[in-house]
Amino acid sequence: MTPVLVVGAGPVGLATALLLARANVPTTVLEASPHREAVGSRSICVHRDVLNILERVGVGQAVVDAGVTWYRGRTYFRDREVLTVELPRAAGFPPFVNTPQTTVERILHDKALANPLIDLRYGHQVDRLQLDPITVHTNRGTFEGTHCVAADGAHSTVRDLLGIPFEGHSFSDRFVIADIRVDLGHPEPERRFYFDPPWNPGRQVLVHPQPDGVHRVDWQVPEGFELTPEHVRAITGDRPYEILWQSTYRFHQRRAQTFRVGRILLAGDAAHVMSPFGARGLNSGICDADNAAWKIALDRAGEAGPHLLDSYHEERAAAADENLRITGATMRFLVPRTAAERAHRAHVLEHGVTEQIDSGKLFEPFAYRDSPLTANGGGALRPDSHRYGPGFTVEGDTLIRPDGHAAATATDLDQALRRAKGFTSAEASR
């Protein structure tokens, strides 16, 4: 059976392969790196709704067990605390879990290796591709597929070979991130966000707990900054510490002009990159994988309407635009670039206008209410969405898509199913 080709064996690529395998679709995963690399924490926050997606392929609980959740977030301005957030505790998965990306990758990697429908190949750098039939050429071989999901990161080779513009902008400020093992003496895990602290004037520092006594620290820094023991001691005090990893980077806000060319779909950072405040990068990438997988499975089975693959771009580009809007607003507060933005930030922080303090709005799933696949009040993600898929589900008068989003409520279910399968054009749905 001709497989689906997945380019990239990061969390998005591996999740795509596992979701397709759940629908009995074989994949060949092509990764440029010679082996799985476990360096640094990188993305660390996995949202509850994304844990539900991962639980559909049998790894959600493993990601929770490998991480840590904080329920108290403290925000400081200079030398005083201005805001404390207490998150509710409820049954089921926590609201999110801080599990390092490398750990999430390992869990997904091990699950993929054990699945006979997934052919995972490292050391395959893509250098050419053809659209019809889909053929991917690498430095070590040639592979044909019915479809292709490009999850090969922000510097996507597939996106470049397709000539898709990656539009947006980059922020000039640099950020140093470090994984530091230290006991900060907190009674329970908590996140701390420092605006304009005396030991990093005019900029921010964010401290997030991770498992095994490690904290992720993000410093916003000027050009030429070098991390010194004095900077670390401002966080750790005189407690013993160990720096496990550090890196320097700039934030970008970019989106591919289109997420689909024929039967090739872009997912994750290949499709969009954004500021990490609010944890919208990895989480939205897994949602891309979830959206792509059921549509590809339906298309391969000959059950998809002519507009189903089009809807991948329409739905996920809209989600990316929403995430970019929210993270853009956060960055304007964190890194104001105009006199008006600086004045607004100063007023909010100095006067303690807590409802306007923006240190990142936590990821939430996008509702496909304006999608051509959606009718009669549908679009929202159902609670406990791990219960759905790989096919459609009817609950009462509601039709649920394989990704757990409601397709329609209180309507003709046969017509709603045809629409949800892409037999209705975007124009006809308006």
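Small disclaimer: the values here were computed from a predicted structure and weren't measured.

This part is about the overall build of the protein chain. Across its full length, the protein chain holds ten helices and 22 strands. In terms of overall size, the protein chain behaves like a compact globule, its C-alpha atoms giving a radius of gyration of 22 Å where 430 residues would be expected to give roughly 22 Å. The C-alpha extent of the protein chain, read off along each of the three principal axes, is 65 × 50 × 40 Å. Evaluated residue by residue, the protein chain yields a buried proportion of 56% over its 430 residues. Taking as baseline every contact in the protein chain between residues at least 6 positions apart, the subset at least 24 positions apart corresponds to 70%.

Let us look at the packing of aromatic side chains. By the definition in use, this model includes 13 aromatic pairs. With a centroid separation of 5.1 Å and 50° between ring planes, the pair formed by tyrosine 249 and phenylalanine 251 is classed as tilted. For phenylalanine 251, a relative accessible area of 3% gives the class buried. Clustering of aromatic rings is evident, with ring pairs tying together Phe175, Phe193, Phe195, Tyr249, Phe251, Phe277 and Phe333. Geometry around tyrosine 71 places arginine 89 over its ring, the cationic atom sitting 3.9 Å from the centre. Lying across the ring of phenylalanine 166, arginine 159 places its NZ or CZ 3.7 Å from the centre.

Glancing now at the pattern of salt bridges. Taken as a whole and judged by the stated rule, the model has 27 salt bridges. Arginine 192 is the salt-bridge partner of glutamate 190, the closest N and O atoms lying 2.7 Å from each other. Among the ionic pairs, aspartate 218 bridges to arginine 216, the shortest N-O distance being 2.9 Å. Of the residues examined, aspartate 218 reaches a relative accessible area of 6% and is grouped as buried. What you see here is one network of salt bridges that share partners, running through Arg72, Arg74, Glu81, Glu86, Arg89, Glu188, Glu190 and Arg192.

Position of histidine 137 relative to the elements: it lies in strand β9 (residues 134–138). Here the side chain of histidine 137 touches threonine 142 through a polar contact of 3.1 Å, side chain to side chain. In this structure histidine 137 touches Gln125, Val126, Asp127, Arg128, Leu129, Gln130 and Thr142, once residues within four positions along its chain are discounted.

Okay, the environment of alanine 317 next. Note on placement: alanine 317 falls in helix α8 (residues 308–334). Overall, the relative accessible area of 4% leaves alanine 317 in the buried class. Placed 60 residues apart in sequence, alanine 317 and glutamine 257 show a C-alpha to C-alpha distance of 8.8 Å. With residues up to four places along the chain from it excluded, the contact list for alanine 317 reads Arg255, Phe259 and Tyr312.

Another point: the environment of serine 275. Within the secondary structure, serine 275 sits in the loop between β19 (272–273) and α7 (281–300). C-alpha separation for the pair serine 275 and proline 240, spaced 35 residues apart in sequence, amounts to 31 Å. Those residues in contact with serine 275, other than ones at most four positions away along the chain, are Phe251, His252, Gln253, Thr327 and Met331. There is a polar contact of 3.3 Å between the side chain of serine 275 and the backbone nitrogen of phenylalanine 277.

Within the open sheet, the three strands sit side by side as β8-β9-β10. Their pairing is antiparallel. Two strands in the sheet have a free side with no partner beyond their single neighbour: β8 (126–131) and β10 (141–145). If you compare each strand with its neighbour and ignore which way they point, the axes differ by 15° on average. Here β8 runs beside β9; their pairing, made up of five bridges, is antiparallel. Residue pairing for β9: valine 126 is matched across the bridge by threonine 138.

It is worth spelling out the sheet that holds strand β7 (residues 118–122) at this point. Taken together, six strands build an open sheet; the order of strands is β7-β2-β1-β11-β18-β17 and the sheet is mixed. Each edge of the open sheet carries a strand with a single partner, namely β7 and β17 (260–261). Both strand β2 (residues 27–31) and β7 contribute to a ladder of five bridges, which runs parallel. For leucine 30, the partnering residue across the bridge sits in β7 and is arginine 121.

Where α7 meets α8, the closest approach of the two axes is 10 Å, and the angle between their N-to-C directions is 170°. Between α7 and α8, the crossing angle belongs to the class labelled roughly antiparallel. Contacts between α7 and α8 pair Ser284, Cys287, Asp288, Asn291, Ala292, Trp294, Lys295, Leu298 and Asp299 from the former with Leu308, Leu309, Ser311, Tyr312, Glu315, Arg316 and Asn323 from the latter. Class assignment for the residues of the contact of α7 with α8 results in seven nonpolar, four polar and five charged.

With respect to the helices and strands, threonine 27 occurs in strand β2. Not counting residues within four places of it along the chain, the set of residues in contact with threonine 27 comprises Pro3, Val4, Val6, Ala17, Leu20, Leu117, Ile118 and Asp119.

Here is what the cut-offs are and how they apply
- Residues numbered from 1 in each chain as written.
- Predicted model: local features only at pLDDT ≥ 70, side-chain atom pairs only at ≥ 80, totals over all residues.
- Heavy atoms only, no water.
- Helix = DSSP H or I, 4+ residues; strand = E, 2+ residues; numbered from the N terminus.
- Rg over C-alpha atoms; globule rule 2.2 N^0.38 Å.
- Buried < 20%, exposed > 50% of the residue type's maximum accessible area, 1.4 Å probe, protein only.
- Contact = heavy atoms within 4.5 Å.
- Phe/Tyr/Trp six-rings, centres within 6.5 Å; stacked < 30°, edge-to-face > 60°.
- Lys NZ or Arg CZ within 6 Å of the ring centre and 35° of its normal.
- Salt bridge = Lys/Arg side-chain N within 4 Å of Asp/Glu carboxyl O.
- Polar contact = N/O pair within 3.5 Å; in protein donor to acceptor, adjacent residues only side chain to side chain.
- Pairing = 2+ DSSP bridges.
- Axes fitted to C-alpha atoms, helices over the stretch in contact; angles between N-to-C directions.
- Parallel < 35°, antiparallel > 145°, perpendicular 65-115°, else oblique.
- Nonpolar A, V, L, I, M, F, W, Y, C, P; charged D, E, K, R; others polar.

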